[in-house]
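Reading the structure
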Amino acid sequence: MSIWEMLAVLGAGISAGAINTVVGSGTLITFPVLLATGLPPVTASVSNALGLIPGSISGAIGYRKELAGQGRRVLRLSIGALIGGLTGATLLLTLPSTAFETIVPILVALALTLVILQPRISKAVRRRRELNGTTTRSDGGPLLVVGLMLASVYGGYFTAAQGIIYLSLMGMLLDDTMQRLNAVKNVLAAVVNSVAALFFLFVADFDWTAVALIAVGSALGGQIGAKAGRRLSPTVLRGFIVAVGTVAIVQLVLR
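Residues numbered from 1 in each chain as written. Predicted model: local features only at pLDDT ≥ 70, side-chain atom pairs only at ≥ 80, totals over all residues. Heavy atoms only, no water.

Some points on the overall build of the protein chain
Helices and strands together make up the secondary structure of the protein chain, namely 12 helices and zero strands. Order of helices (α) and strands (β) in the protein chain, N terminus to C terminus: α-α-α-α-α-α-α-α-α-α-α-α. Sequence separation of at least 24 residues holds for 84% of the intrachain contacts in the protein chain that already meet a minimum separation of 6. When the accessible surface of the protein chain is split by element, carbon and sulfur atoms take 69% of a total near 11600 Å². (Helix = DSSP H or I, 4+ residues; strand = E, 2+ residues; numbered from the N terminus. Contact = heavy atoms within 4.5 Å. Areas by Shrake-Rupley, 256 points an atom, 1.4 Å probe, with all protein chains shown as cover.)

Put into structure tokens, the structure is as follows:
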């Protein structure tokens with residue numbers, strides 16, 4: 001890489017780390033930049049996954065206050081995320097790229113729709129539970145575990161917008177604030193990125209320069225994103241999710 005390409009990758013890593021911590025879809029910044037440096041698509045995807053690990057961990061640490069009291073929930077959901085992430089990483093190396101690229105925009109659009117409708121749907125669900133005399137499960141039940149596992153399969157394959165899918169599912173099935181759910185999302189993303197990256201270390205080609213630059217950038221961006229994201233109101237955070245997700249869909253369709 002030239003010095004300018006290295007600076008571009010570093011800058012992309014900072015932006016991706018910040019955006020991933022607040023909502024997700026940072027890969028839509030780093031992946032095109034890596035391709036522009038001349039890396040093959042799979043090598044770029046693998047290098048990106050490895051480089052984003054520090055950013056995911058940094059973002060989770062930045063949200064540590066919101067994680068208080070969620071230990072059991074995080075542990076339970078992380079098991080499914082780990083299995084899904086490993087499955088997605090395996091698919092990346094065995095399936096043609098067109099297999100997932102076709103359905104990715106649809107998944108992101110569905111997730112955005114759920115994010116937009118989540119307040120109304122949550123109220124309807126709570127009202128129905130009150131009429132039936134039931135309460136919201138603090139862990140979201142089997143449906144949430146399965147849903148997040150499937151989302152993690154996608155995340156292990158191509159990380160863009162996985163955070164949006166996580167937030168939409170948790171917002172539907174958990175009665176909690178957006179900021180606390182965002183904290184859980186960051187941990188799940190860290191789990192998926194880490195397990196996928198460990199798998200890639202042994203079976204895939206990657207570029208250490210790209211990995212190092214994105215790692216440094218995403219770690220810095222994770223702290224920036226945590227400081228900014230924790231100050232957003234639920235309405236503003238939801239609006240930001242929709243805005244980033246819309247850009248993600250457009251870029252995925254046009255790519």
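Text resumes after the structure shown.
Here's the deal with the environment of Ile19
Here Ile19 shows up in helix H1 (residues 3-22). In this structure, the C-alpha to C-alpha distance between Ile19 and Gly55, residues 36 residues apart in sequence, is 10.0 Å.

Side note on helix H4 (residues 53-62)
The element H4 is extensively covered by neighbouring structure, given that seven of its 10 residues are classed as buried. Inspection of H4 places Ile53, Gly55, Ser56, Ser58, Gly59, Ala60 and Gly62 among the buried residues, and these make up the whole buried set. Tucked into the core, H4 has its buried residues touching H1, helix H3 (41-51), helix H10 (178-203) and helix H11 (208-229). (Buried < 20%, exposed > 50% of the residue type's maximum accessible area, 1.4 Å probe, protein only.)

With respect to the nonpolar core
Counting 48 residues, the largest nonpolar core has Leu77, Met170 and Phe200 as its most contacted members. It is H10 that provides the largest number of residues to this core, a total of nine residues. (Core = buried A, V, L, I, M, F, W, Y, C linked by side-chain atoms within 4.5 Å.)

A short note on a nonpolar patch on the surface
Residues Val42, Leu93, Leu198, Leu201, Phe202, Val203 and Trp208 make up a contiguous nonpolar surface patch of roughly 730 Å² in combined accessible area. The greatest single-element share of the nonpolar patch, amounting to four residues, is contributed by H10. Along the chain, Leu198 turns up in helix H10. (Patch = residues over 30% accessible without salt bridge, like charges linked within 9 Å, V, L, I, M, F, W, Y side chains within 5 Å. Salt bridge = Lys/Arg side-chain N within 4 Å of Asp/Glu carboxyl O.)

So, the side chain of Ser152
Mapping Ser152 onto the fold places it in helix H8 (residues 141-157). Filtering out sequence-adjacent residues up to four positions away, Ser152 remains in contact with Ala81, Gly84, Gly85, Tyr166 and Val192.

Re the packing of helix H9 (residues 162-173) against H10
Each pair of packed helices can be summarised by the angle the axes make with each other and by the distance between the axes. Running from N to C, H9 and H10 point in directions that differ by 135 degrees, and their axes come no closer than 10 Å. Of the possible angle classes, the one that applies to H9 and H10 is oblique. For the crossing formed where H9 meets H10, the hand is right-handed. Seen from H9, the contacting residues are Gln162, Gly163, Tyr166, Leu167, Met170 and Gly171; seen from H10, they are Leu181, Asn182, Val184, Lys185, Leu188, Ala189, Val192 and Asn193. The class makeup of the residues in the contact of H9 with H10 is eight nonpolar, five polar and one charged. (Axes fitted to C-alpha atoms, helices over the stretch in contact; angles between N-to-C directions. Parallel < 35°, antiparallel > 145°, perpendicular 65-115°, else oblique. Left-handed = near helix turned anticlockwise from the far one by under 90°. Nonpolar A, V, L, I, M, F, W, Y, C, P; charged D, E, K, R; others polar.)

Focus on the environment of Ala219
Following the sequence through the fold, Ala219 ends up in helix H11. For the pair formed by Ala219 and Ile57, sequence separation is 162 residues and the distance between their alpha carbons is 7.7 Å.

Notes on H9
For H9, built from 12 residues, the straight-helix expectation of 16 Å at 1.5 Å per residue is met to within 8% by its first-to-last C-alpha distance of 17 Å. Taken across its 12 residues, H9 has 10 buried, putting it largely inside the fold. Of all the residues in H9, the buried ones are Gln162, Gly163, Ile164, Ile165, Tyr166, Leu167, Ser168, Met170, Gly171 and Leu173. (Expected span 1.5 Å × (residues − 1).)

As for the packing of H3 against H11
Packing of H3 against H11 leaves a shortest axis separation of 8 Å and a crossing angle of 40 degrees. On the basis of the axis angle, H3 is oblique to H11. When you trace H3 past H11, the crossing you get is right-handed. Along its contact with H3, which presents Ser47, Asn48, Leu50 and Gly51, the element H11 presents Ala210, Val211, Ile214, Ala215 and Ser218. Residue composition of the contact of H3 with H11, by class: five nonpolar, four polar and no charged.

Keep in mind these numbers describe shape, not what the thing actually does.
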